[in-house]
Amino acid sequence: MEIRLEHLTKIFTDKSGIETTAVNDLDIVIESGKLIALLGPSGCGKSTTLFMIAGLHKPTEGKIFFGDDEVTKLAPEKRGIGLVFQNYALYPHMTVRQNIMFPLENLRIKREDAIARMNEMAALVNIKELLDRKPAQLSGGQQQRVAIARALVKKPRVLLLDEPLSNLDARLRLQMREEIKRIQRETQITTIFVTHDQEEAMSISDQMVVLNFGVKQQVDAPQEMYNNPDNIFVAKFLGNPPINIFKGKVKNNTLYAGKTPIGPVEVQDGQYDVGVRPEDFRVDDKGFDVNITEIFHIGRDTLIHFDESGTDTRALVDSDSILPGQTKVKLSVKKGKIHLFDETSGLVVGHV
Amino acid sequence: MKNIYFKRYRRQELISLIFDFLAIIAYITIFLMFFRMIKLPLGEGGNVDLGALAYPQVYQWTFGEIKSETVNTVLTLMALFLVVAIPMFVIGVKKLKNGLIYDVDLPMTWAKFFQALISLLLVNPISFVIKLISTFTLLRVVKDYGFIGFIKNIPSRIKQLFEKKPKEEKEPEEEDEDTIRLKKNISRQNFRKLSRMFFTYMFLVLIALFIMIPFYWMVIASLMTYYESSVNPNPSLFLLFSDTQWINYKTVLQELNFGLYIKNTVIVALVSTAGTIITTILAAYAFAKIQFKGRETLFSILIMTMMVPGEIFIITNFITVSGNGFGWIAMGTGNNHYFLAMTIPFMTSISYIFFLRQSFKQVPDSLYRAARVDGCSDFKYLTRVMIPIASPIIFTITILNILGAWNAFIWPRLITSTGGTEGQQYWLISVALRDASFNVPGGDRIMYNLQIAASALVTVPLIIIFLVFRKYIMNGIGRSGTKG
Amino acid sequence: MSKIKDAFWAVRNWFKKINSKITDFLVNHKMGFLVHWPDWFKALIFLAPALILLSIFIFYPIVNAFKLVIYEGYNQTDNTITGYTVFGNFITVLNEDNFLLPSSHTQSSVMINTLIIVLISVPISILLSLLIAVALNSIKPLRNFFQTIYFLPYVTNSIAIGLVFAYMFKSGDSGLINRMLGWFGIDPIAWVSNWNNNGVIIGPTFWAAMSVLIIYGVWQAMAFKIMVFLTSIQGIDKQYYQAAEIDGTPKRRIFSKITIPLISPMIFYIIITSMIGAFKTYESVIAIFGDSGAPAGATYTLKTIVFYIYDYLNNSTPGNLSLAAASSIILFAFILVLTLIQMQISKKRVHY
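Colleague: What exactly am I supposed to notice about the overall build of chain A here?
Modeller: On a plain count of helices and strands, chain A comes out with nine helices and 20 strands. Counting only C-alpha atoms, chain A reaches 75 × 45 × 40 Å along its principal axes. For chain A, the proportion of its 352 residues judged to be buried stands at 52%. Taking all contacts inside chain A whose residues are at least 6 apart in sequence as the whole, residues at least 24 apart take part in 65%. Accessible area for chain A stands at about 16,500 Å²; split by element, carbon and sulfur atoms hold 48% of it. Once the 45 positive and 48 negative side-chain charges of chain A are each reduced to a mean point, those two points are 5 Å apart.

Here's what the structure looks like:
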């Protein structure tokens, strides 16, 4: 089920009349049958967008399409969606079985079919042994699986998840995100999940939508977005350790870092923000000299800090190429991995 | 290993509880049987001769004649048995539901033993035997030896009692000033602590006596003869079992019509409570979950009216229900609907709406949204989700409302007083207590024994309800802060 | 069992079917508004039962009380009035024989009685309850037992126990209290009824009768206060006490400098609510003394303001309802003043 958002806008007005634009003119096409991440910092409008797709918020402007149907004015229960809330929203007084069966009571299917479906879902998310427990007797991960089962039992067209992993501890998070990927692959339902954790989004999603202050920044497959960020915000948001940004000058189609020429580039002369990811540095005898200010050995990699044009820069290199206590090293940058961004608009303009 | 014994213990507990329950049923049956035997003495002309109540009588039953003293003794005995057996049973049931193996320790074993003894006193030999067995099962759980081990231990324990402990060689300690002062301080502290404990408990016991004396006197006086209660300048503070005049209660119920009044009160309590629950649930849900304009304003108005004293409402409501309004009490003409007037004005209560709204608000909104996404309507959400989650609160409101109806006085009195003798048929018990005549026939001396028996009849159900639902009542009052 | 559940499901499905048929029909005929109820309409339906009852029996009476108060000579049987007066009824009430000041043949007035009850029984019950709560808080074993006993008076019937109190305080040798006094060598006192002591009829003094009322009031009122104070004291963070203990603070100072200030908001709330409750004393008077409001043949009265109101109400002389309304509005004024005082001071003075 392909989802299309056209010019979607949501403005909240509070009691004193102050308006906040949560989502600003969003135009997105979400491919059918894929696992999509809505990614962005807190307050960027991702949950609002999700709720508008669900039908719990009415958009101020714009349209939403599920496939060929326009659902903008449609009530949530008519859209055929499944929604998993951040705190799972399981009914505390009902058993797991009753929780999962609850949505089916509102559909017109026979009871035997309902029970069959419930069992199917319970098997899919691996909670068959927990069917007679109450939510309070389950762990966080188990509760979430029940919530997913409940959302899927209606055989919805779209599955929506609001920050599904933020309430889990670190180890469970790893486990559950793989579970989500597996479930999505088995059911082939178009799935959208909201998160602020870029590593999580990058690891399992087929496509990422990055938002900032309600404005779409980039829509791409994770690795694509990582390697070719459309603007400086996306570049800075993805990647751990984060990308290094310093000031650079272009003169006569050549990029200079300070006085040193780096390479040729097809942009106009002027000042630019230059971005290089820490892992794109190489220890290279033919590279440029660098005074190491700090060394952190992290097992397989080593993080070194050095100063470049006044900015504290990080480089992530093989542990084998740096000796502890080393103070000088020669580095170079992989081809095409120096990104140039316009100083005012932040848009990417070229690579070196 | 311990688990097996614990499971066995629980099984034995269950069996003994069943027998306890049967015993309670037996006590109640015997009580009712003997109570039915009591016949009110008839005077000339076939009317009940209240003056003759005090004299010992002879009743007929299946085995011939029986003296009223015996009947009284049996009744008192059964009442005492019930007073002991029912709480023990209730506590036993609660323990069985929640019992964990971790709660088991030696004091609990002793407690079980005492329970066995009590069962014996209550003439329940089967329960006694079972409880005794379960005591030893419990002992096995706690101390790993059972009855046999216990018996084996006895000789060695007796020996221990009589052995003198060998005096340990104490090294002569240099007790310097600091040690002496420290020891003195500690002993002084201990003394202070002990005396504080003592005085605290004394104080609490005195207050407890102050609270309980009216209840005690109520029970005693209700079972006295007229002479003892109203004429004797030196009424005794205790009664022999055979002197307890259960005939007082029969008189109050039948002759003085309190059975009818109790029935009236129950009807009013049930109807008004049913109405209150329905209106309160609907209104609390609207105020808690449905967003509509003016919600907070309307709610504030309701809160403000809580400040107004009830007397203001009563005046107008009296007019409303009488001839000029709904005509339920038509002040003189027939066709009076006393029950309507006594129940309908009280089918809703702002403080309960406030109380329930608070509980509803505590249910997270995400549950509501999840239900909406599943196509659940507001009403279905209310009945399938909100009400079950808030059921303890709803139960509390039910109990508090029933208590309120039982104790209602001012309004029912106002209503029924307009009806003259016809209105008397609709008295609620508080009104009857105040307005019924307990005078000696033909005189104006009050028969206190009957009056206090009526009071006891009114109070004892309240105490029972309180003891059973104590948690709900105290929770509800603490949270809602009013008497509703 | 599951047959029943099957039946439920079938019924539900059938309902849904009819529901959706009706909905479709209405929507197709441009009557969709009937189905998609706006929130305020839904709220109206939910609130309707309660609001109707409240309007008739709460809101209307408040308004009507003020209407009645300006009627003159309102006759209930034929619903006529003889005139209007703004303050007339108030003046009549205040000038009434026994209302403000004692009249010639009574020792006391309604106002004085009420004030005595408020100013004596409230402080006594509050102090006692506070002490009891502190004592209860300091013991562990038997605490529940004592709590249960102390709470008994709250669930009892005012009239029933009032009659028992009247019987306990029976004048002459036979009353329980007099017998107990006899153990201490005190002569019997006439409390609430006349005592025929060998032909000499001794009537109770005003203060003897009033004491019985006050004792009964305290007996009844302690239960609620003890519970509230105990909960508040238990809510105090143990660390405050531990810190004071380390400093060697004597218990008395702990009580006055830590416990009391920390529960002072609750104490103040109880003071105000008890005073309001004491102003409304009525059932205890009627339980002990009956409709006459005093022992037989007494030269004084023990009636309270509320007693007065009901005296008017029970008397169907034309114009009496307005007098009842006037006195109840005076009562309301007192309560309002007390409540406003509470709201003001609770904002400023109490420690949190």
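Colleague: Explain the interface of chain C and chain B to me, please; I cannot follow it from the model alone.
Modeller: The accessible area lost on association of the parts is a frequent measure of interface size. On the chain B side, the residues contacting the 93 residues of chain C number 100 residues. Interface of chain C and chain B: buried area, both sides summed, is about 8,500 Å²; carbon and sulfur atoms make up 75% of it. Of all residues in chain C, Phe-46, Phe-57 and Tyr-167 of chain C bury the most surface against chain B, accounting for 10% of the area lost on that side. At the junction of chain C with chain B, the criterion picks out two salt bridges. Between Asp-378 of chain B and Lys-42 of chain C there is a salt bridge whose closest N-O contact spans 2.6 Å. Along the contact surface separating chain C from chain B lie 13 residue pairs in polar contact (both at pLDDT 80 or more). When residues in the side of chain C that touches chain B are grouped by element, the largest group, 21 residues, is from helix H2 (residues 39-69) of chain C. Residues that form the side of chain C that touches chain B fall into these classes: 68 nonpolar, 15 polar and 10 charged.

Colleague: Just checking my understanding: could you explain unusual backbone geometry for this structure?
Modeller: The general pattern is negative phi for most residues beyond glycine and trans for most peptide bonds. Residue and element names in this part refer to chain A. Here the bond from Asn-240 into Pro-241 is cis, since omega is 0°, no more than 30 degrees from zero. A positive phi angle, close to 55°, is found at Asn-252, a residue other than glycine. Along the polypeptide, Asn-252 turns up in the loop between strand E11 (244-251) and strand E12 (254-257). You can call Asn-252 exposed: its relative accessible area is 63%. Positive phi values are uncommon outside glycine, yet Asn-253 reaches one of about 60°. Following the sequence through the fold, Asn-253 ends up in the loop between E11 and E12.

Colleague: So what exactly am I meant to see when it comes to the packing of helix H2 (residues 68-98) of chain B against helix H3 (residues 106-121) of chain B here?
Modeller: Residue and element names in this part refer to chain B. Look at H2 against H3: their axes get within 11 Å of each other, and the N-to-C directions meet at 145°. The element H2 and its partner H3 pack so that their crossing is left-handed. Here Phe-81, Val-84 and Met-88 of H2 lie close against H3, whose contacting residues are Gln-115, Ile-118, Ser-119 and Leu-121.

Colleague: When you look at the pairing of strand E3 (residues 35-39) of chain A in this model, what are you seeing that I'm missing?
Modeller: The side chains of a regular strand alternate, residue by residue, between the two faces of the sheet. All names here are of chain A. Of all five residues making up E3, five are buried, and the element is well covered by its neighbours. With burial as the criterion, each face of E3 is covered, one bearing Leu-35, Ala-37 and Leu-39 and the other bearing Ile-36 and Leu-38. Bridge count for E3 against strand E9 (residues 207-212) is four bridges, and the pairing is parallel. Bridging from a neighbouring strand, Ala-37 pairs with Met-208 of E9.

Colleague: Sorry, what's going on with the nonpolar core here?
Modeller: Soluble globular proteins tend to pack their nonpolar side chains together in the buried interior. One finds Phe-258, Phe-360 and Tyr-381 of chain B together with Tyr-150 of chain C to be the most contacted residues of the largest nonpolar core, which totals 265 residues. No other element matches the 19 residues that helix H8 (residues 206-234) of chain C contributes to this core. Each residue touching Phe-258 of chain B, except ones within four places of it in the same chain, is listed here: Val-252, Leu-253, Ile-429, Ala-432, Leu-433, Phe-438, Ala-454 and Leu-457 of chain B. Residues Val-153, Leu-168, Phe-193 and Phe-237 of chain A belong to the second largest nonpolar core, which totals 49 residues.

Colleague: Looking at this structure, I do not really get the domain arrangement of chain B. What am I missing?
Modeller: All names here are of chain B. Per the domain assignment, the segments making up chain B are domain 1 (2-162), domain 2 (177-222) and domain 3 (256-480). Here the C-alpha centre of domain 3 lies 42 Å away from the C-alpha centre of domain 2. With four residues of domain 2 in contact, the opposing surface of domain 3 contributes seven residues. Summed over both sides, the interface of domain 2 with domain 3 buries roughly 440 Å², with 85% coming from carbon and sulfur. The three residues of domain 2 that bury the most area against domain 3 are Met-218, Ala-221 and Ser-222, which together make up 81% of that side's buried surface.

Colleague: Where do I start with the interface of chain A and chain C in this structure?
Modeller: With 10 residues of chain A at the interface, the matching set in chain C holds nine residues. Summed over both partners, the interface of chain A with chain C buries about 910 Å², with 52% contributed by carbon and sulfur atoms. In terms of surface lost to chain C, no three residues of chain A exceed Glu-105, Arg-108 and Arg-111 of chain A, which account for 71% of the buried area on that side. At the boundary of chain A and chain C, one finds one residue pair in polar contact (both at pLDDT 80 or more). Its residues assigned to classes, the side of chain A that touches chain C shows five nonpolar, one polar and four charged.

Colleague: What should I look at first to understand the pattern of salt bridges in this one?
Modeller: Two side chains carrying opposite charge are able to pair once their charged atoms lie near each other. For the structure on display, the rule yields 25 salt bridges over all chains. A salt bridge links Lys-380 of chain B to Glu-105 of chain A, with the nearest nitrogen and oxygen atoms 3.2 Å apart. Placement of the pair is Lys-380 of chain B in helix H15 (residues 378-389) and Glu-105 of chain A in the loop between helix H3 (96-101) and helix H4 (111-124), with the two residues belonging to separate chains. Considered together, Lys-380 of chain B and Glu-105 of chain A belong to a single accessibility category, that of buried residues. Residues Glu-179 of chain A and Arg-182 of chain A are paired through a salt bridge, measuring 3.0 Å at the closest nitrogen-oxygen approach. Taken together, the residues span about one helical turn, with Glu-179 of chain A and Arg-182 of chain A both in helix H6 (residues 170-187) at a distance of three residues. Here Glu-179 of chain A falls in the buried class, since its relative accessible area comes to 15%. Ionic contacts of the salt-bridge type, sharing partners, join the residues Glu-2, Arg-4 and Glu-6 of chain A into one network.

Each value, and the rule that gives it
One numbering rule holds for all chains: residues counted from 1, following each sequence as written. To read the labels, note that chains go from A and ligands from 1, taken in the order they are written. With pLDDT at 70 or above as the cut-off, local features in this predicted model cover only qualifying residues; side-chain atom pairs require 80 or more to be listed or tallied, and sums for whole chains, interfaces and linings still use all residues. Water and hydrogen atoms were dropped before computing side-chain values, which therefore reflect all heavy atoms in the structure. To qualify as a helix, a DSSP run of H or I must reach at least 4 residues; to qualify as a strand, a run of E must reach at least 2; elements of each kind are numbered from the N terminus. Burial classes: relative accessible area under 20% of the type maximum marks a residue as buried, over 50% as exposed, and values in between as partly exposed (1.4 Å probe, protein chains only). Any pair of residues with heavy atoms lying within 4.5 Å of one another is described as a contacting pair. Accessibility throughout is a Shrake-Rupley quantity obtained with a 1.4 Å probe, and a residue counts as covered only by protein chains that appear here. The charged-residue count follows a simple rule in which Lys and Arg add positive charge and Asp and Glu add negative charge, with His and chain termini not counted at all. Every charge is mapped to an atom, namely NZ of Lys, CZ of Arg, CG of Asp or CD of Glu. Two parts placed together each lose some accessible area; with a 1.4 Å probe, that loss summed over both constitutes the buried area. Any Lys or Arg side-chain nitrogen located within 4 Å of an Asp or Glu carboxyl oxygen qualifies as a salt bridge. We call two N or O atoms a polar contact when they sit within 3.5 Å, provided that within protein one can donate a hydrogen and the other can accept it, with sequence-adjacent residues counted only if both atoms are side-chain atoms. In this classification, Asp, Glu, Lys and Arg are treated as charged, Ala, Val, Leu, Ile, Met, Phe, Trp, Tyr, Cys and Pro as nonpolar, and every other residue, Gly included, as polar. In this description, a line fitted to the C-alpha atoms serves as the axis of each element, helices being fitted only across the stretch in contact, and the angle between N-to-C directions of two axes falls anywhere from 0 to 180 degrees. Left-handed describes a crossing in which the near helix is turned anticlockwise from the far one by less than a right angle; the clockwise case is right-handed. In short, DSSP must find at least two bridges between two strands for them to pair. In plain words, nonpolar cores are sets of buried Ala, Val, Leu, Ile, Met, Phe, Trp, Tyr and Cys residues tied together by side-chain atoms within 4.5 Å. For the domain bounds, the source is a domain assignment made automatically or taken from a database.

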